[in-house]
Amino acid sequence: MGRSLYSLAKSSPFKKDSQILMKLGRKYGCYLEKLSCKSRMALRAVLTRYIYEKSFIISYLIVDAIADTLPVIDFGDKAAAISQEMQGLSDFSIESLVQILTLQQIKDFDAQ
């Protein structure tokens with residue numbers, strides 16, 4: 001996913017998104033490339049919940065989505081930090097990240 005962040009950053013029409021995505025890629029690229037199936041599903045669930053709730057509640061934050069989506073499951077400190085750093089991304093970029101995570105999940109299933 002780290003390489004995908006760089007590609008998304010370069011193609012993003014939004015300067016702020018590009019900056020956030022490049023920072024995430026530099027800071028967490030290796031970690032994101034090695035996310036487990038369970039972690040990718042959790043991240044997809046959080047980001048999907050965030051984009052959905054944000055359409056109704058303007059002040060809704062990614063930390064809210066983490067708490068609302070994964071109240072019992074330990075999301076992990078690093079995964080939570082990465083998610084929080086995504087705060088401020090456009091809906092377009094969040095949707096794109098969900099698609100990237102989904103494609104990686106499909107590749108993993110095909111490889112098995």
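Bear in mind that the values here come from a model prediction, so they are computed numbers and not experimental data.

Participant: Where do I start with the pattern of salt bridges in this structure?
Facilitator: A complete count under the given rule lists four salt bridges for this structure. For Glu 85, the salt bridge identified is with Lys 23, shortest N-O distance 3.8 Å. Of this pair, Glu 85 sits in helix α5 (residues 77–85) while Lys 23 sits in helix α2 (residues 15–33), and the two are 62 residues apart along the sequence. Exposure remark for Glu 85: the relative accessible area of 21% places this residue in the partly exposed category. Several salt bridges converge on common partners, so that one network encompasses Lys 23, Lys 27 and Glu 85.

Participant: Would you mind going over the nonpolar core with me for this structure?
Facilitator: Soluble, globular proteins show a tendency: their nonpolar side chains are buried together. Counting 30 residues, the largest nonpolar core has Leu 47, Met 86 and Leu 97 as its most contacted members. At the level of elements, α1 (2–11), α2, α3 (37–54), α4 (62–69), α5 and α6 (91–111) are the ones that each hand at least two residues to this core. It is α3 that contributes the most residues to this core, six residues altogether. Not counting chain neighbours up to four residues away, the residues in contact with Leu 97 comprise Met 1, Leu 5, Leu 8, Leu 21, Leu 47, Met 86 and Leu 89.

Participant: Would you mind showing me how to read α4 here?
Facilitator: Side chains of residues three or four places apart in an α-helix project in the same direction, reflecting 3.6 residues per turn. Residues Ile 62, Ala 65 and Ile 66 constitute the buried set of α4. Relative to the axis of α4, the buried residues are bounded by an arc of 100° and lie together on one face. Tucked inside the fold, the buried residues of α4 contact α3 and α5.

Participant: Sorry if this is basic, but what is going on with the packing of α3 against α6 here?
Facilitator: Packed helices, taken two at a time, are described by the angle their axes make and the gap between the axes. Where α3 contacts α6, the axes come no closer than 10 Å and their chain directions differ by 155°. Judged by the inter-axis angle, α3 sits roughly antiparallel to α6. Between α3 and α6 lies a crossing of left-handed hand. Note on element contacts: α6 touches α3 through Asp 91, Ile 94, Glu 95, Leu 97, Val 98, Leu 101, Thr 102, Gln 104, Gln 105, Asp 108 and Phe 109, opposite Cys 37, Arg 40, Met 41, Leu 43, Arg 44, Leu 47, Thr 48, Tyr 50, Ile 51 and Lys 54. Residue composition of the contact of α3 with α6, by class: eleven nonpolar, four polar and six charged.

Participant: I tried to follow the packing of α4 against α5 on my own but got confused; where do I start?
Facilitator: Packing of α4 against α5 leaves a shortest axis separation of 8 Å and a crossing angle of 140°. In terms of orientation, α4 and α5 fall into the oblique class. Within the contact between the two elements, α4 uses Ile 62, Val 63 and Ile 66 and α5 uses Ala 80, Ser 83 and Gln 84. Of the residues assigned to the contact of α4 with α5, the class counts are four nonpolar, two polar and no charged.

What counts, and at which threshold
Residues numbered from 1 in each chain as written. Predicted model: local features only at pLDDT ≥ 70, side-chain atom pairs only at ≥ 80, totals over all residues. Heavy atoms only, no water. Salt bridge = Lys/Arg side-chain N within 4 Å of Asp/Glu carboxyl O. Helix = DSSP H or I, 4+ residues; strand = E, 2+ residues; numbered from the N terminus. Buried < 20%, exposed > 50% of the residue type's maximum accessible area, 1.4 Å probe, protein only. Core = buried A, V, L, I, M, F, W, Y, C linked by side-chain atoms within 4.5 Å. Contact = heavy atoms within 4.5 Å. Arc of directions from axis to C-beta. Axes fitted to C-alpha atoms, helices over the stretch in contact; angles between N-to-C directions. Parallel < 35°, antiparallel > 145°, perpendicular 65-115°, else oblique. Left-handed = near helix turned anticlockwise from the far one by under 90°. Nonpolar A, V, L, I, M, F, W, Y, C, P; charged D, E, K, R; others polar.

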